[in-house]
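Each chain, written out:
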Amino acid sequence: MAGATPDDLAKQAGVSPAEAEARLEALHRKGLATAGPVFHALPADVALGDTLLREQRALESARQMVASLSDEYRTNTRRRNPDHLVEIVVGAAALRERLREMQDSARDEILWFCRANPIAMQGPENTEETSALERGVRYRAIYERELLEKPGELDSIVEAMKLGELSRTLPALPVRLAIADRSLAICPLVPDAARGVGEPTAALIRPSELLDALVALFESYWVRATPLLPDGSEEEPDKLLLSLFVAGLPDKSIATQLGVSRRTVQRRLDRLMEAAGVDTRAGLAFQAARRGWL
């Protein structure tokens, strides 16, 4: 009916007028009917819209509170329990899988200390780097000089540089290290002297002062490392050979890595010295830095 009084409802429902009036007043309080003495039903969207909106706001407020409490719980738990800051991974296969997961999930940048004699993944095996570089992740890698002399390693590094990897080299690095987005680090724990004793063991380090210290360690070595550059156009200096020369590799090793004779390396270095206007190799290294060839 369009409207009804308590007496009308009492006759239709077969209840007492007092009970009918109580029911109509209850509908009015819930926003489902207008006020009496003649009660009119209200449309469902009008009657329930405000109620649903209030419930939605209450649920959103509760969701935000749960998220806030969860964040606070994780923060406090990490402070009390170091297991939430550092996770131990045992075994070459498990470590290799974590390195791959780290690269697949990286969004901005990977920092890498690459020591000689990798314990989990050889450079040519790291296919995840290619896909990460292609989707815009920046790589900065520092290689131990000995690693550059390993068969196939330099070719792999040159390919990565052509895709955008920023590469440098140093005679030695203090640890093996990989850092993704400055929010997760993987650092093997067993020193080379202890290899062969058991499975390789590494720590996964999440945001903490320890992670900040590892990032700072990488940056301090980065500024000291010698850049490695792939060869460009014919008009540019012989950049790859010059990189290896400044990094301290002997002529024989450079020749092996470039697939040429030792005599060819010497002739190419002589041409670089002539271009730089010097007659010593020390002078070539100085002029390469001064002229921005590297």
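Looking at an unreviewed UniProt entry, one finds the protein chain named Helix-turn-helix domain-containing protein, with Paractinoplanes ovalisporus as its source organism.

This brings us to the sheet that holds strand β1 (residues 86-90). The mixed open sheet is built from 8 strands, whose spatial order is β1-β7-β6-β5-β2-β3-β4-β8. Among the strands making up the open sheet, the edge pair consists of β1 and β8 (226-228). Here the average twist between neighbouring strands, direction ignored, is 20°.

On to the pairing of strand β6 (residues 184-188), then. Most of β6 sits out of view: 4 of its 5 residues are buried. Taken together, strand β5 (residues 177-180) and the strand that follows it, β6, pair antiparallel across an intervening segment of 3 residues, in which Asp-181 is found at a positive phi of about 55°. As judged from the 4 bridges shared by β6 and strand β7 (residues 201-205), these two strands associate in the antiparallel manner. The residue of β7 that forms the bridge with Ala-185 is Ile-205.

Detailed conclusions should not be drawn from predicted coordinates in areas where pLDDT is low. On average, residues of the protein chain score 81 in pLDDT, and 82% of them are at 70 or above. When mean pLDDT is taken per element in the protein chain, strand β3 (residues 138-144) scores highest with 95 and helix α3 (residues 44-80) scores lowest with 65.

Phi is positive for Asp-181, which is not a glycine, with a value near 55°. Looking at the element boundaries, Asp-181 is found in the loop between β5 and β6. Phi angles above zero are rare outside glycine, and Arg-182 is one such case at about 55°. Secondary-structure assignment places Arg-182 in the loop between β5 and β6. With a relative accessible area of 40%, Arg-182 lands in the partly exposed category.

Before going further, it helps to examine the environment of Leu-272. As for its position among the elements, Leu-272 is in helix α11 (residues 262-276). Leu-272 sits in the buried class, given a relative accessible area of 7%. Distance in space between the C-alpha atoms of Leu-272 and Gln-287 is 9.9 Å, their sequence separation being 15 residues.

A few words on the nonpolar core. Grouped burial of nonpolar side chains is what soluble globular proteins tend to show. Leu-99, Ile-110, Trp-112, Tyr-143, Leu-244 and Leu-284 are the most contacted members of the largest nonpolar core, which has 46 residues in total. The residues contacting Trp-112, other than those within four sequence positions of it, are Leu-99, Gln-103, Asn-126, Tyr-139, Arg-140, Ala-141, Ile-142, Leu-177, Ala-178 and Phe-218. The next biggest cluster of nonpolar side chains, apart from the first, holds 18 residues, and it includes Leu-173, Leu-177, Cys-187 and Val-215.

A separate point is the side chain of Glu-144. Its location among the elements puts Glu-144 in strand β3. In terms of polar contacts, Glu-144 uses its side chain to reach the backbone amide nitrogen of Ala-116, at 2.9 Å. If we ignore the near neighbours within four places in the chain, the residues touching Glu-144 are Cys-114, Arg-115, Ala-116, Thr-169, Leu-170, Pro-171, Ala-172 and Leu-173.

For the rest of this paragraph, the subject is the environment of Arg-135. Tracing the sequence through the fold places Arg-135 in the loop between α5 (127-134) and β3. Given a relative accessible area of 40%, Arg-135 falls into the partly exposed group. Measuring from C-alpha to C-alpha, the distance between Arg-135 and Ala-106 comes to 10.0 Å, with 29 residues separating the pair along the chain. Non-local contacts of Arg-135, meaning those with residues more than four positions away in its chain, are made with Gln-103, Asp-104, Ser-105 and Ala-106.

A cluster of nonpolar side chains, contributed by Ile-88, Val-90, Leu-189 and Val-190, occupies part of the molecular surface with about 340 Å² of accessible area. With respect to the helices and strands, the residue Val-90 is situated in strand β1. Accessibility expressed as a relative area gives 53% for Val-90, which makes it exposed.

Taken as a whole and judged by the stated rule, the model has 4 aromatic pairs. Plain terms: the ring middles of Trp-112 and Tyr-139 are 6.5 Å apart, the flat faces sit at 20° to each other, and that makes the pair stacked. Here Tyr-139 lies in strand β3 and Trp-112 lies in strand β2 (residues 109-114), a separation of 27 residues in the sequence. Look at Trp-112 and you get buried, because its relative accessible area is 13%. Given a relative accessible area of 1%, Tyr-139 falls into the buried group. Taken together, a centroid distance of 5.8 Å and an interplanar angle of 20° make the contact between Phe-218 and Trp-222 stacked. Placement of both Phe-218 and Trp-222 in helix α8 (residues 209-222) is noted, with a separation of 4 residues, approximately one turn of the helix. Neither Phe-218 nor Trp-222 differs from the other in exposure class; each is buried.

Conventions we followed
- Just so you know, the residues in each chain are numbered from 1, in the order the chain's sequence is written.
- Local features in this predicted model are restricted to residues whose pLDDT is 70 or higher, and side-chain atom pairs enter the listing and the counts only when it is 80 or higher, whereas totals over whole chains, interfaces and linings include all residues.
- Derived side-chain values reflect all non-hydrogen atoms in the structure, with water molecules and hydrogen atoms excluded from consideration.
- A strand pair is defined by DSSP finding two or more bridges across the two strands.
- Helical segments are the DSSP runs of H or I of at least four residues, strand segments are the runs of E of at least two, and each set is numbered from the N terminus.
- Axis definition: a line fit to C-alpha positions, over the contact stretch in the case of helices; interaxial angles, taken between N-to-C directions, run 0 to 180 degrees.
- Throughout, exposure labels follow a simple rule: accessible area from a 1.4 Å probe, protein chains only, divided by the maximum for the residue type, with under 20% read as buried, over 50% as exposed, and the rest as partly exposed.
- For every residue, the predictor states its confidence as a pLDDT score lying anywhere from 0 to 100.
- Here, nonpolar core refers to any group of buried Ala, Val, Leu, Ile, Met, Phe, Trp, Tyr and Cys residues whose side-chain atoms link them within 4.5 Å.
- Two residues form a contact once any of their heavy atoms are found within 4.5 Å.
- Side-chain atoms alone can form a polar contact between residues adjacent in sequence; in general such a contact is a pair of N or O atoms within 3.5 Å, and within protein one must be able to donate a hydrogen while the other accepts it.
- A residue counts toward a patch only above 30% relative accessible area and without a salt bridge, and it is joined to like-charged neighbours within 9 Å or, for Val, Leu, Ile, Met, Phe, Trp and Tyr, to nonpolar neighbours within 5 Å.
- Working definition of accessibility: Shrake-Rupley area with a 1.4 Å probe, residue cover restricted to the visible protein chains.
- Each reported salt bridge corresponds to a side-chain nitrogen of Lys or Arg within 4 Å of a carboxyl oxygen of Asp or Glu.
- Paired rings are identified among Phe, Tyr and Trp, the last through its six-membered ring, by centres lying within 6.5 Å, and are further divided according to the angle between planes into stacked (under 30 degrees), edge-to-face (over 60) and tilted (the rest).

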